[in-house]
2 protein chains.
Amino acid sequence: MSIHITLPDGAVREYPSGITPLEIAKSISEGLARNVVAAKINGEVCDATRPIQESSNLVLLTFNDTEGKKVFWHSTAHLLAEALESLYPKVKFGIGPAIDNGFYYDVDMGEKGVLSSHDFPAIEAKMLELAKQKNPYIRTEVSKQYAVEYFEKKGDQYKLELLENLQDGSISFYQQGNFIDLCKGSHLPTTEPIKAIKLLNIASAYWRGDESRNTMTRIYGISFPKDKELKEYLHLLEEAKKRDHRKLGAELELFMFSERVGAGLPIWLPKGTALRTRLEDFLKKEQQKRGYQLVITPHIGGKNLYITSGHYEKYGKDSFQPINTPREGETFLLKPMNCPHHCEIFAHKPRSYKDLPIRIAEFGTVYRYEQAGELHGLSRVRSFTQDDAHLFCTVEQVKGEFLNVLELTLLVFQKMGFKDYTAQISLRDPATPEKYIGSDENWAAAERAIIEAAAEKGLKTTTELGEAAFYGPKLDFMVKDALGRSWQLGTIQVDYNLPERFDLSYTGTDGQAHRPVMIHRAPFGSMERFISVLIEHTAGRFPLWLAPDQAIILPISEKFLDYSQQVAQFLDSKGIRATIDERAETTGRKIRDAEMRKIPIMIIVGEKEADTQTVSVRLKDKENGDKGAMNWGDFANLFQELLDNE
Amino acid sequence: MSIHITLPDGAVREYPSGITPLEIAKSISEGLARNVVAAKINGEVCDATRPIQESSNLVLLTFNDTEGKKVFWHSTAHLLAEALESLYPKVKFGIGPAIDNGFYYDVDMGEKGVLSSHDFPAIEAKMLELAKQKNPYIRTEVSKQYAVEYFEKKGDQYKLELLENLQDGSISFYQQGNFIDLCKGSHLPTTEPIKAIKLLNIASAYWRGDESRNTMTRIYGISFPKDKELKEYLHLLEEAKKRDHRKLGAELELFMFSERVGAGLPIWLPKGTALRTRLEDFLKKEQQKRGYQLVITPHIGGKNLYITSGHYEKYGKDSFQPINTPREGETFLLKPMNCPHHCEIFAHKPRSYKDLPIRIAEFGTVYRYEQAGELHGLSRVRSFTQDDAHLFCTVEQVKGEFLNVLELTLLVFQKMGFKDYTAQISLRDPATPEKYIGSDENWAAAERAIIEAAAEKGLKTTTELGEAAFYGPKLDFMVKDALGRSWQLGTIQVDYNLPERFDLSYTGTDGQAHRPVMIHRAPFGSMERFISVLIEHTAGRFPLWLAPDQAIILPISEKFLDYSQQVAQFLDSKGIRATIDERAETTGRKIRDAEMRKIPIMIIVGEKEADTQTVSVRLKDKENGDKGAMNWGDFANLFQELLDNE
């Protein structure tokens, strides 16, 4: 019997039933087959060696696919387990999943006790030795009884506990070499492609995240098909560590955290506040040009507000808990979003079609509970400020509003120096229209508007069917930073739900009440997260217009403090942010410190400069950065030129 | 036997023991005696007819004194009761105190049931008739038994209930005419000075504020020694009603409240946000010139923060209740003040004497619980934004910092058009130094610094001993608005307590750790309260630099919309905030609406203006406001001139 296999490019090929994805790859090219790590059959990831019985859609996964990487890394986790068992026979295994970058395995080292990174080279060597054996990953479906007996004999209580929650008939083992693991897959065909391995880190973790249970040793690692890829990755890690916004944020005195104030609640120090305010002012000005109206709303809202919006039912239990009043029995919540407040603003007076679109904007600080262990600098916090706006418009205006927002978002990326980005358009699943709120025509119109607007702006886009929220289609930007890492920044989301829940309406040309469309949008996303990305993208060397200190005046001795003051006053009059390093340090030390502080321009003043009313200018991070002496006015012109060229 | 009486000017006079304040007044001048309403003997207010047995300090109170007014109004409340009893013999009486403006009496009308304002003229007439009898207010000290028997016989259960809580030996009756009241005083010598009476309002109130008890009828009124004063007061009330910031705030679309968001939580609409932001930006700029550093802190803080600061113990029970986390058992509070966060910022790194003064500023929104019934527009709210700053300095720097803050505060008053203000300096009571935290020398130095700084700035000041907080002396501004009403705006408070509680220190010139002094200050006080005063002071006619819309362009027909757009673009390029009234209304209607919206400048454009590239300018609220036609550039110059003259 033969089956039809449909490939991603739409090509349909005929094969005998029972053929494996790997065999299909070989039928296309030997080179492709060598790179195949797994397959996706009708949308489900599985081993490339799994026979296909029926006509199917097939995607062959390589290491370049996100899902392919996960299979590769998960297979390496099994290899780690095999190596550990061979080195430390008493070791017992918890779970060993792939993660975003690599994998880990939680293990109980038994009598060996603690493992340390000193043990890594031996383990890595053993892993590579085993990989070279090119052992196949063999899947076997087993009965629950068989599986329980196997791990009882082996004496691994962790796997036995995992088995308790599994249904008989759904249990599989994977074996490579001498190592057998309880695992649902998927895996590489063999260990052969695993050519480069690095164990990265050791941590301890409670078994099943429960602090009353055993502490396991969690070993993190990563692997690649090529040594060169591993080297590049390790270099990236090194570079990322240097650029870590938590480290730079402290060094540059941008923000701090306080135990008493609370974890995940950033406190913006003066320089960080200046940076953030400058970003906000930039966006405010651009928004004003585009007809946005700024508002300010409270940071709490009555429980009824969130019952109306639906947030209470959906998020109430997992959020910061309600705030009660000492008398009168009122209940408030810290606001998790600004939209309900903005809906109340829309609703507070009658609106006509002539007033639309209404664009209500706010730099609104919202509060969302995250577990302490999940917090990370400014990028994962419990309070953050959205550069939020809600556009209320007619269905016909959606495209115009999208164009307006896209243009603004692209301007933001350009001003921040982000040059590499793509847009993902999330549409509804046309097969299940009942899952979505809003009429078919409105959905079709909005989806078409988004696609057309993105095309008109010449955006690189991907389109995902079924990824839309139940309340509307959306567009997300993925932005690559200087290290090639992708960040989701900037979202535009159509919403048919809140206008319904808040019973919003405007009077149309026909004199009847109509429901407006609502669009949520935030070009930065959140100030906190955006600035964390910006710090790591620029390594703290902000564009001149954003830099907290744009210039620093370095008098070569205290004799020139007076002259430095005169220069500082001139710079201030030109709106140039400059400070004086008044310390009694050597000029060399002052220059090094200014470099550490990543101040873009150094202005050195000594006898010659004071006598001739000039300044000696040195630009950081620029070729030919040493500009020599020039008079004040020329410096102001140079400064303006630098700003204009950003 | 003779006694010595010391008068407020320091003069000491000798009198026979048993003389009354009224007799002393007469001995000074008959005119004075006529105006005396009560006296203050050794700091305690009492009847002017009370004999003085010992040498004492004496202040003779007239209606012009706040305490004198209270006696006058409380005496009028008794007169109201007398009139009611004479008109409605079954009436029963609760309490009848003086309030800030007038008095009220809570009464149980018995079978008469409800009273209405239609009954006021008759009651007022009866009161005036009784007042003309010039009956003395006679105080009698009575035993509890006598008092109980009296009110049992009279059948007044309210007075009987009040008596339950009084100690025998401390009970007094006051009688004027046929009316006797249980009262501790003080009162006028006679009813004669009560020449002008107005009953203002009726409300219902639970007996003793307890909703399970009887509902009483509360009758509000006010009285004056002269008819002219009453007329002026009623005019002021009328004017204040027109200027009520709640009414104007809604009309001018500055702010709104939403039931779902919650009472007392202002939502700033676009025009209000623009106004508030302009005020904030003005202060930010002035603060930057004066070496302040802006920070941004979260709106919540861990419970430990407020245990450290002492706020939790002091205010915890009466505040918005703690916010718990769904896991991890953490507890946060909505921040009631910004100071603890700023202390954490000071403490986050080592500080040297060279760094001081450090001036940490924030427009920080704080949340304080008020009962719903106490809320009032923007002036009494549950969330408000302080223009807060905390100055950390050495004891020697206190005076310089005070001068700096006074200068800034006076600039604020000048820019807002407040011309009439006084400063109250609150010092400690030198007799009880143990009540205060901080060393004697520090207190003495800080108090001297404040007094000297205020004198150097030429401020009109009053000094109150014993009015300082336990943690430091302070200076408050009392500002009079256009209606002559006083508002407390702007506070400067020295604090020796928080630096102690947060264990703040800096390294002095001696290399040792020293405790900094902390100064709290807020020139506006809170943005909400300040803007409520500003709205009422200006009646919504904001100074040009603050006005949400500075100009409105009124095309006399739609033919001139294009030309209006050109003018609007020119104005925008000059930074002049202008809109176009594009409606198809008559010019007369457009002018009236622009006046309603209190827009300072109207620009009328028609055929003549379009042909000659001019604009016809009309200034609101200015003499010779009609400026005729002028070209665009001349208008821009006129505009700048108007700004400069503010």
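Preceding block: the structure.
As the structure is a computational prediction, the values presented were derived from the model and not from experiment.

What about the sheet that holds strand E11 (residues 179-182) of chain A?
Residue and element names in this part refer to chain A.
Phase 1: The strand order across the open sheet built from 3 strands is E9-E10-E11, with neighbouring strands paired in antiparallel fashion. The two strands at the open ends of the sheet, each matched to only one other strand, are strand E9 (138-141) and E11. Between one strand axis and the next, the sheet turns by 25° as a mean value, whatever way the strands run.
Phase 2: The pairing of E9 with strand E10 (residues 172-176) spans 4 bridges and is antiparallel. Looking at E10, one finds that Glu-141 is bridged to Ser-172.

Looking at the sheet that holds strand E20 (residues 358-367) of chain B
Residue and element names in this part refer to chain B.
Phase 1: Reading across the sheet, the 8 strands line up as E16-E20-E21-E28-E25-E24-E22-E23 and stay open at both edges, with mixed pairing between neighbours. Looking at the sheet topology across the chains shown, the edges are occupied by strand E16 (292-294) and strand E23 (461-465). On average, each strand axis in the sheet is inclined to that of its neighbour by 25°, with strand direction left out of account.
Phase 2: Strands in contact with helix H9 (residues 270-289) are E16, E20, strand E21 (383-393) and strand E28 (517-522); relative to E20, the strand with the most contacts, it is inclined by about 160°.
Phase 3: Relative to the sheet, helix H16 (residues 527-538) contacts E20, E21 and strand E25 (486-495), its axis offset from that of E25 by approximately 150°.

A few points about the interface of chain A and chain B
Phase 1: Each partner contributes residues to the interface: chain A has 56 residues there, and chain B has 56 residues.
Phase 2: The contact between chain A and chain B buries some 4,900 Å² in all, and 62% of this surface belongs to carbon and sulfur atoms.
Phase 3: At the boundary of chain A with chain B, the tally comes to 10 salt bridges.
Phase 4: Close ionic contact of Glu328(B) with Arg382(A) constitutes a salt bridge, the shortest N to O distance being 3.3 Å.
Phase 5: Put simply, chain A and chain B have 33 residue pairs in polar contact (both at pLDDT 80 or more) between them.
Phase 6: Looking at side-chain class alone, the side of chain A that touches chain B contains 25 nonpolar, 19 polar and 12 charged residues.

What about the relation of the copies chain A and chain B?
Phase 1: Of the two same-sequence chains, chain A is brought onto chain B (RMSD 0.3 Å, axial shift 0.1 Å) by a rotation of 180°. The operation mapping one copy onto its partner corresponds to a two-fold rotation axis. Nearest to the rotation axis, the C-alpha of Ile323(A) is located 2.7 Å from it, this being the minimum over chain A.
Phase 2: The overlap is high: 100% of the interface residues of chain A also sit at the interface in chain B, so the same surface is used on both sides.

What counts as what
Residues numbered from 1 in each chain as written. Chains lettered and ligands numbered in written order. Predicted model: local features only at pLDDT ≥ 70, side-chain atom pairs only at ≥ 80, totals over all residues. Heavy atoms only, no water. Pairing = 2+ DSSP bridges. Helix = DSSP H or I, 4+ residues; strand = E, 2+ residues; numbered from the N terminus. Axes fitted to C-alpha atoms, helices over the stretch in contact; angles between N-to-C directions. Contact = heavy atoms within 4.5 Å. Buried area = accessible area lost by both parts, 1.4 Å probe. Salt bridge = Lys/Arg side-chain N within 4 Å of Asp/Glu carboxyl O. Polar contact = N/O pair within 3.5 Å; in protein donor to acceptor, adjacent residues only side chain to side chain. Nonpolar A, V, L, I, M, F, W, Y, C, P; charged D, E, K, R; others polar. Least-squares fit on C-alpha atoms with pLDDT ≥ 70 in both.

Without other data, these values stay purely geometric and don't point to any function.
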